[in-house]
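Given next are the chains, with one letter for each unit.
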Amino acid sequence: AGLAGERRVGAELERLARRGWRVLHSIPLPGEVDIDHVLIGPGGAFCFNTKRHRGARVWVGDDSVRIGGQSYPYVRKSRAEARRASAALTSACGFPVEVQPVLAFVAVAELQVVPSLRDVRVLQEHDISAFKHLKSGLRPDKVELVYTAARDRRTWVRS
């Protein structure tokens, strides 16, 4: 189920390529974990954490997610992955690369996000197309430098 969700988000992200965006999928990190997707383009760099909860009602708070009476650390995990990606890409590029966390939900019935959560973008897969309008993050030459660094496995093994 998780892989199906990652594929749906990945397909949405790939549609941004014609707008100058670059996408990487399933980036392995030390410790038997991975980053689901990294999006790099005119609007900046983003680290996507994908979660599929078919038909669920999802509440997202400042630090956690509640689904069916259970709490999940998805918000904290998204922040941690973005910090890790930012550190790795900054080290590899030699200039600061801010990576913003994104928590992408797939196939949920309802998504409610507290207004105070501002440092993590929370969305459903059909909202990804809005990224095509973001323009104030990276110049095209920087996009390519960051993308080249992100494609190099050595960038991530040191993270």
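In this text, all values refer to a predicted model and were calculated from it rather than measured experimentally. (Residues numbered from 1 in each chain as written. Predicted model: local features only at pLDDT ≥ 70, side-chain atom pairs only at ≥ 80, totals over all residues. Heavy atoms only, no water.)

A. View of the overall build of the chain. Scanning the chain from terminus to terminus reveals four helices and nine strands. For the chain, the α and β elements follow one another from N to C terminus as α-β-β-β-β-β-β-α-β-β-β-α-α. Over its C-alpha trace the chain gives a radius of gyration of 15 Å, about what one expects of a compact globule, namely 15 Å for 159 residues. When its C-alpha atoms are laid out on the principal axes, the chain stretches across 45 × 35 × 30 Å. Scored against the burial criterion, the 159 residues of the chain give a buried share of 48%. At a minimum sequence separation of 6, the contacts of the chain that also span at least 24 residues come to 61%. Total accessible area on the chain is roughly 8300 Å²; 49% of this is exposed by carbon and sulfur atoms. Once the 26 positive and 17 negative side-chain charges of the chain are each reduced to a mean point, those two points are 2 Å apart. (Helix = DSSP H or I, 4+ residues; strand = E, 2+ residues; numbered from the N terminus. Rg over C-alpha atoms; globule rule 2.2 N^0.38 Å. Buried < 20%, exposed > 50% of the residue type's maximum accessible area, 1.4 Å probe, protein only. Contact = heavy atoms within 4.5 Å. Areas by Shrake-Rupley, 256 points an atom, 1.4 Å probe, with all protein chains shown as cover. Lys, Arg positive; Asp, Glu negative; His and termini not counted. Charge placed at Lys NZ, Arg CZ, Asp CG, Glu CD.)

B. Layout of the packing of aromatic side chains. Taken as a whole and judged by the stated rule, the model has six aromatic pairs. Arranged with centres 6.3 Å apart and planes meeting at 85°, the rings of Trp21 and Phe131 form a pair that is edge-to-face. Taken as a pair, Trp21 in the loop between helix 1 (2-14) and strand 1 (22-29) and Phe131 in the loop between strand 9 (121-124) and helix 3 (140-151) lie far apart in primary sequence, 110 residues in all. Of the two residues examined, Trp21 and Phe131, each falls in the buried class. Residues Tyr72 and Tyr74 carry aromatic rings whose centres are separated by 5.1 Å and whose planes lie at 20° to one another, so their mutual orientation is stacked. In textbook terms, an aromatic cluster arises when at least three aromatic residues are bridged by ring pairs, as seen for Trp21, Phe46, Phe48 and Phe131. (Phe/Tyr/Trp six-rings, centres within 6.5 Å; stacked < 30°, edge-to-face > 60°.)

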